[in-house]
Amino acid sequence: MLQEQIMELLAELQLDRRSYIRLILLLKQQQAMITARKTDAIDEINQRISHIYHQLTQSAQKRISTLKNLCIPPHDEGILFLFSRLPANHHIQAKELWNDIMQRMHECSRLSALNHQILSTRA
């Protein structure tokens, strides 16, 4: 049961990583469309971005629930604690995955803020 929950959590994190990769690409496309003032394309991209944000929110809620079920605090240190309990090779892979997700999440935040700034100066 415990191993299944951890494996499911890691699989979800892999999906999250893919979602963040897609989100970065969409945010870059969004920026180009904002600059080009292509409203229809912006609307379509915004829908795709919203869908990914919704998926990521659901995944985060599931991860929080899993961590709570394992009596682990549902935050960054908690997930790193969980990873530290894995066998060495899995621990390293899981930690690298988490770090990659965090970097991509920060990149998404940066791009989103930049797009907002560009949009507000064009208004």
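Structural notes, computed from the coordinates. As the structure is a prediction and not an experimental result, all values here were calculated from the model.

A word on the overall build of the chain
Okay, so step 1: The helix and strand tally for the chain stands at four helices and zero strands.
Okay, so step 2: Its helices and strands taken in sequence order, the chain reads α-α-α-α from the N to the C terminus.
Okay, so step 3: Relative to the compact-globule value of 14 Å for 123 residues, the chain shows a C-alpha radius of gyration of 17 Å, a clear excess of over 25%.
Okay, so step 4: Split into buried and exposed, the 123 residues of the chain put 33% on the buried side.
Okay, so step 5: Considering only intrachain contacts with a sequence separation of at least 6, the fraction spanning at least 24 residues in the chain is 68%.
Okay, so step 6: Carbon and sulfur atoms make up 55% of the accessible area of the chain, which amounts to about 7900 Å² in all.
Okay, so step 7: Computed over 15 positive and 12 negative side-chain charges, the separation of the two mean positions in the chain equals 5 Å.

Re helix α4 (residues 88-122)
Okay, so step 1: Given a rise of 1.5 Å per residue, 35 residues ought to cover 51 Å, and the 51 Å separating the end C-alpha atoms of α4 matches this to within 8%.
Okay, so step 2: Every buried residue of α4 is listed here: A94, L97, W98, D100, I101, M102, C108, L111, N115 and I118.
Okay, so step 3: Looking at the buried positions of α4, the neighbouring elements they touch are α1 (2-36), α2 (39-69) and α3 (76-84).

Thoughts on the pattern of salt bridges
Okay, so step 1: Inspection of every chain in the model, using the stated rule, returns seven salt bridges.
Okay, so step 2: For E107, the salt bridge goes to R110, with nearest N and O atoms at 2.9 Å. Here E107 pairs with R110, and both are found in helix α4, just three residues apart, close to one helical turn.
Okay, so step 3: Owing to a relative accessible area of 44%, R110 belongs among the partly exposed residues under this scheme.
Okay, so step 4: Taken together, the shared-partner salt bridges connect E8, E12 and K62 into one network.

Quick word on the nonpolar core
Okay, so step 1: In terms of nonpolar packing, the biggest core is built from 27 residues, with L10, L13, L23, I79, L82 and F83 touching the most fellow members.
Okay, so step 2: Those elements giving two or more residues to this core turn out to be α1, α2, α3 and α4.
Okay, so step 3: Of the residues forming this core, the biggest block, nine residues, is contributed by α1.
Okay, so step 4: If near-sequence neighbours (up to four positions away) are discounted, L10 is found in contact with F83, L86, A94 and L97.

Structural notes on the packing of α1 against α4
Okay, so step 1: Running from N to C, α1 and α4 cross one another at 20°; their axes reach a closest spacing of 9 Å. In terms of orientation, α1 and α4 fall into the roughly parallel class. Once α1 is placed against α4, the crossing between them reads as left-handed.

Structural notes on unusual backbone geometry
Okay, so step 1: The phi angle at R37 is positive, at roughly 60°, despite the residue not being glycine.
Okay, so step 2: Checked against the element boundaries, R37 lands in the loop between α1 and α2.
Okay, so step 3: R37 gets classed as exposed once you look at its relative accessible area, which sits at 55%.
Okay, so step 4: Not every positive phi belongs to a glycine, and C71 is a case in point at roughly 60°.
Okay, so step 5: Within the secondary structure layout, C71 lies in the loop between α2 and α3.

Basis of the calculations
- Residues numbered from 1 in each chain as written.
- Predicted model: local features only at pLDDT ≥ 70, side-chain atom pairs only at ≥ 80, totals over all residues.
- Heavy atoms only, no water.
- Helix = DSSP H or I, 4+ residues; strand = E, 2+ residues; numbered from the N terminus.
- Rg over C-alpha atoms; globule rule 2.2 N^0.38 Å.
- Buried < 20%, exposed > 50% of the residue type's maximum accessible area, 1.4 Å probe, protein only.
- Contact = heavy atoms within 4.5 Å.
- Areas by Shrake-Rupley, 256 points an atom, 1.4 Å probe, with all protein chains shown as cover.
- Lys, Arg positive; Asp, Glu negative; His and termini not counted.
- Charge placed at Lys NZ, Arg CZ, Asp CG, Glu CD.
- Expected span 1.5 Å × (residues − 1).
- Salt bridge = Lys/Arg side-chain N within 4 Å of Asp/Glu carboxyl O.
- Core = buried A, V, L, I, M, F, W, Y, C linked by side-chain atoms within 4.5 Å.
- Axes fitted to C-alpha atoms, helices over the stretch in contact; angles between N-to-C directions.
- Parallel < 35°, antiparallel > 145°, perpendicular 65-115°, else oblique.
- Left-handed = near helix turned anticlockwise from the far one by under 90°.

Interpretation note: all reported values are geometric properties and have no functional meaning in isolation.
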